[in-house]
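Residue-level structure breakdown
What follows is each chain in one-letter form.
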Amino acid sequence: MAKRKMPGWAGFLEGAALSLGLYIGFQCLLALLTLKGVIPEEMAFRFQAVSGVLASCVGGTLSIRRTEVGPLWAALGSAVIFAAALTLGGILLCDDLVWSKKSLILLAAALAGG
């Protein structure tokens, strides 16, 4: 039995929630692997960027399957909500947020996955 497709915005939120959950899971895995010495600290940024792309890609894929707005708009909508959630989380959790080149690369990676 095939699942019904959701109206436009509902699939975006579902895809972004999956992306955010996966990204948080990847960050926990990164912390564990760094503490165990499997991944050196110099490689942590690359792991974060790749995990952002993968999480956004999986969320975009779910959004494509669950909405009827077309593949490009579904993936981009999910990726934009995911990047906005990451930005909002950073603003709310960090008192002295500094926008460095690495911060912008991480946001671009989150958007590129969509």
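This text goes with the structure placed above it.
Everything numeric in this text was worked out from a predicted model, so none of it was measured.

Looking only at helices and strands, one finds four helices and zero strands in the protein chain. What you see in the protein chain, going N to C, is helices and strands ordered as α-α-α-α. When the backbone C-alpha atoms are referred to their principal axes, the protein chain occupies close to 45 × 30 × 20 Å. Expressed as a percentage of its 114 residues, the buried residues of the protein chain come to 29%. Sequence-distant contacts in the protein chain: of pairs separated by 6 or more residues, those separated by 24 or more amount to 76%. Here the protein chain displays about 7400 Å² of accessible surface, and carbon together with sulfur accounts for 71% of that area. The positive charge centre, built from 9 side chains, and the negative charge centre, built from 6, are 13 Å apart in the protein chain.

Looking now at the side chain of T67. Tracing the backbone through its elements, the reader meets T67 in the loop between α2 (44-66) and α3 (71-93). The exposure class assigned to T67 is buried, which follows from its relative accessible area of 3%.

On the surface, V69, L72, W73 and L76 cluster together into a nonpolar patch covering about 400 Å² of accessible area. Counting through the fold element by element, L76 comes out in helix α3.

The next point concerns the packing of aromatic side chains. Across all of its chains, the model carries one aromatic pair by this definition. When the ring centre of F45 is taken as origin, the NZ or CZ atom of K102, which lies over that ring, is 5.2 Å away.

We now examine the packing of α2 against α3. Direction vectors running N to C along α2 and α3 enclose 135 degrees, while the axes themselves pass 8 Å from each other. Comparing their axes, α3 and α2 come out oblique. The way α2 lies across α3 gives a crossing that is right-handed. Facing α2, whose interface residues are G52, A55, S56, G59, G60, S63 and I64, α3 presents P71, A74, A75, S78, A79 and F82. Across the contact of α2 with α3, the residue classes break down as seven nonpolar, six polar and no charged.

Our focus in this paragraph is the packing of α3 against helix α4 (residues 101-112). Where α3 meets α4, the axes come as close as 8 Å, and the angle between the chain directions of the two elements is 155 degrees. Overall, the two elements α3 and α4 adopt an arrangement that is roughly antiparallel. You can see that α3 and α4 cross each other, and the crossing is right-handed. Residues A79, V80, F82, A83, L86 and T87 of α3 form the contact with α4, whose own contacting residues are L107, A110 and L111. In terms of residue class, the contact of α3 with α4 is made up of eight nonpolar, one polar and no charged.

With that settled, the discussion passes to the nonpolar core. Soluble, globular proteins show a tendency: their nonpolar side chains are buried together. Counting six residues, the largest nonpolar core is built from Y23, A55, F82, A83, L107 and A110. Of all elements in the fold, only α3 and α4 reach the threshold of two or more residues within this core.

Cut-offs applied
Residues numbered from 1 in each chain as written. Predicted model: local features only at pLDDT ≥ 70, side-chain atom pairs only at ≥ 80, totals over all residues. Heavy atoms only, no water. Helix = DSSP H or I, 4+ residues; strand = E, 2+ residues; numbered from the N terminus. Buried < 20%, exposed > 50% of the residue type's maximum accessible area, 1.4 Å probe, protein only. Contact = heavy atoms within 4.5 Å. Areas by Shrake-Rupley, 256 points an atom, 1.4 Å probe, with all protein chains shown as cover. Lys, Arg positive; Asp, Glu negative; His and termini not counted. Charge placed at Lys NZ, Arg CZ, Asp CG, Glu CD. Patch = residues over 30% accessible without salt bridge, like charges linked within 9 Å, V, L, I, M, F, W, Y side chains within 5 Å. Salt bridge = Lys/Arg side-chain N within 4 Å of Asp/Glu carboxyl O. Phe/Tyr/Trp six-rings, centres within 6.5 Å; stacked < 30°, edge-to-face > 60°. Lys NZ or Arg CZ within 6 Å of the ring centre and 35° of its normal. Axes fitted to C-alpha atoms, helices over the stretch in contact; angles between N-to-C directions. Parallel < 35°, antiparallel > 145°, perpendicular 65-115°, else oblique. Left-handed = near helix turned anticlockwise from the far one by under 90°. Nonpolar A, V, L, I, M, F, W, Y, C, P; charged D, E, K, R; others polar. Core = buried A, V, L, I, M, F, W, Y, C linked by side-chain atoms within 4.5 Å.

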